[in-house]
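# Structural overview
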Amino acid sequence: MKATAKAHTNIALIKYWGKREEKIILPTNNSLSLTLDGFYTTTTVDFQEELSADIFTLNDQSISGVQYDQVTKFLDLIRKSAGKDNLFAHVKSINEVPTAAGFASSASGFAALAAAGSKAIGLGLSDQELSRLTRQGSGSACRSVYGGFAEWEMGKKADGSDSYAVPIAPADHWDVRVAAVVLTAKMKKVSSREGMKRTVDTSAFYSGWLDGIPQDLKQLKEGIKHRDFEKVGQTAEANCLKMHATTLGANPPFTYWLDTTMAVMQTVQAMRANGILAYFTIDAGPNVKVLYLPENEKSVEKTLRDIPGVTDVRLSKPGQGITYL
Ligand code: ADP
Ligand code: DP6
Ligand code: CO
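Residues numbered from 1 in each chain as written. Chains lettered and ligands numbered in written order. Predicted model: local features only at pLDDT ≥ 70, side-chain atom pairs only at ≥ 80, totals over all residues. Heavy atoms only, no water.

### Quick look at the site of ligand 2
Just so we agree on the cut-off: By convention in these notes, a residue is near a molecule or strand provided one of its non-hydrogen atoms lies within 4 Å of it. The term polar contact refers here to a pair of N or O atoms within 3.5 Å; inside protein, the definition further demands a hydrogen-donor-capable atom paired with an acceptor-capable atom, and it admits residues adjacent in sequence only when both atoms are side-chain atoms. Using protein atoms alone on a 1 Å grid, points that fit a 1.4 Å probe yet trap it form a cavity, whereas open point sets bounded by protein on both sides within 12 Å along at least five of seven lines form a pocket; residues with an atom within 4 Å of a point count as lining. For a molecule to be placed in a cavity or pocket, more than half of its atoms must lie within 2 Å of the grid points of that cavity or pocket.
Lining the immediate environment of ligand 2, one finds 17 residues, of which Tyr16, Lys19, Ser138, Gly139 and Ser140 sit closest. The separation between an oxygen atom of ligand 2 and a polar side-chain atom of Tyr16 is 2.6 Å. Arg193 is positioned such that a nitrogen or oxygen atom in its side chain is 2.7 Å from an oxygen atom of ligand 2. Judged by its atoms lying within 2 Å of the grid points, ligand 2 is housed in the largest pocket.

Laid out in structure tokens, this is it:
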């Protein structure tokens with residue numbers, strides 16, 4: 001009863017930013033992402049009759065506290081589906097991505113856990129069922145079931161049965177590149193979960209955020225379909241700025257940005273003024289992802305590395321969905 005799965009992170013071009021239901025994770029809006037081959041998690045789940053509790057190691061460190069609780073709660077869902085409530089597992093996970101720093105470790109982490117866990121216990125899920133299960137670990141993770149571009153359909157039902165990701169275009173549809181600009185790999189002070197909750201509950205700008213989603217989604221999908229880089233870039237950058245604006249209207253207000261985050265954003269806009277098409281997007285953290293096309297890779301990488309405060313630049317292509325090892 002052992003299985004190993006690999007899942008990549010994804011970068012949201014239209015952000016998921018708010019829940020209408022917290023326990024089973026139902027979002028307030030559809031979101032759309034690109035899966036990245038450069039960042040991933042590999043997780044082995046080994047259910048053993050002789051265990052009396054789950055064991056979780058992340059990057060060879062034994063984990064307890066909130067991170068452990070999230071994993072055991074998620075395994076409870078898998079145990080329940082399989083009718084094996086008293087079967088515990090040894091979970092061994094390796095993140096090839098900084099944990100909790102705004103690089104979407106929760107996306108690759110829970111996608112790999114859902115895939116390995118459900119396979120180990122013998123559930124035999126379809127992609128849609130796997131995405132629905134994965135969603136309940138971390139919302140953004142439901143999109144990492146698929147490679148390339150994927151949309152999380154928020155659904156309407158209270159039981160969450162119609163809330164899962166669907167593939168929009170595979171990784172080989174379009175070679176859009178993403179440079180992850182590392183400013184700090186430190187764990188963020190406000191988790192995605194806490195940040196979006198505070199924003200939904202208190203932000204003066206939250207309704208404005210929701211109002212713009214249908215138009216952003218429409219434009220982004222047209223852009224992806226026609227491989228229109230300007231359209232995709234402009235839409236993603238604007239959507240990111242609107243999401244981050246909501247945090248400033250929250251109570252207490254907060255921001256994920258550092259001064260160096262702004263420096264990267266300004267450099268990207270300056271690159272465009274100089275004729276190099278590049279756009280930025282930022283998840284819940286200070287680090288910036290820059291979208292560009294392969295022909296500009298050398299100049300984009302050099303320009304980003306030269307910004308004071310940038311500690312690393314990691315280049316990524318579109319990545320594949322879940323694989324089993
Ligand atoms: P991020 O930007 O990295 O997604 P989040 O605040 O959304 O940050 O989520 C980080 C949390 O995701 C971690 O604190 C941990 O609870 C969980 N997580 C990260 N990696 C894994 C993993 N490989 N397996 C299980 N849970 C993970
Ligand atoms: C800003 O999926 O990490 O990266 O569902 O509470 O685990 P939980 O949150 P998470 O939120 C991601 C927020 C985001 C945007 C996105 O990835 O769509
Ligand atoms: Co996350």
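From this point, the narrative continues.
### Here we look at the sheet that holds strand β10 (residues 177-182)
We count it as follows: Should DSSP find at least two bridges between two strands, the strands are regarded as paired. Secondary structure elements follow DSSP: runs of H or I no shorter than four residues count as helices, runs of E no shorter than two count as strands, and numbering proceeds from the N terminus. Geometry is summarised by axes, namely lines fitted to C-alpha atoms with helices restricted to the contacting stretch, and by angles between N-to-C directions that run from 0 to 180 degrees. Contact between two residues is taken to exist if any of their heavy atoms lie within 4.5 Å; hydrogens are not considered.
The four strands are arranged β11-β12-β10-β13 in an open sheet whose pairing can be described as antiparallel. If you trace the sheet from one side to the other, it starts and ends with β11 (278-281) and β13 (312-316), each paired once. Shown here is a sheet whose adjacent strand axes are inclined to one another by a mean of 25°, direction ignored. Of the strands in this sheet, β10, β12 (288-292) and β13 are in contact with helix α9 (residues 297-305), which crosses β13 at around 155°.

### Side note on the domain arrangement of the chain
The following threshold applies: Domains are outlined according to an automatic or database domain assignment. By definition, the buried area sums, over both parts, the 1.4 Å-probe accessible area that each loses when the two are put together. Should a side-chain nitrogen of Lys or Arg be within 4 Å of a carboxyl oxygen of Asp or Glu, the pair is scored as a salt bridge.
Domain boundaries assigned for the chain yield domain 1 (2-173) and domain 2 (177-316). Once you take the C-alpha centre of each, domain 1 and domain 2 turn out to be 23 Å apart. If you look at the interface, domain 1 gives 37 residues, while domain 2 gives 47 residues. The contact between domain 1 and domain 2 buries some 3300 Å² in all, and 66% of this surface belongs to carbon and sulfur atoms. Taken together, domain 1 and domain 2 are joined by three salt bridges. Among the ionic pairs, Glu151 bridges to Lys221, the shortest N-O distance being 2.8 Å. Run the count over domain 1 and domain 2 and you get 18 residue pairs in polar contact (both at pLDDT 80 or more).

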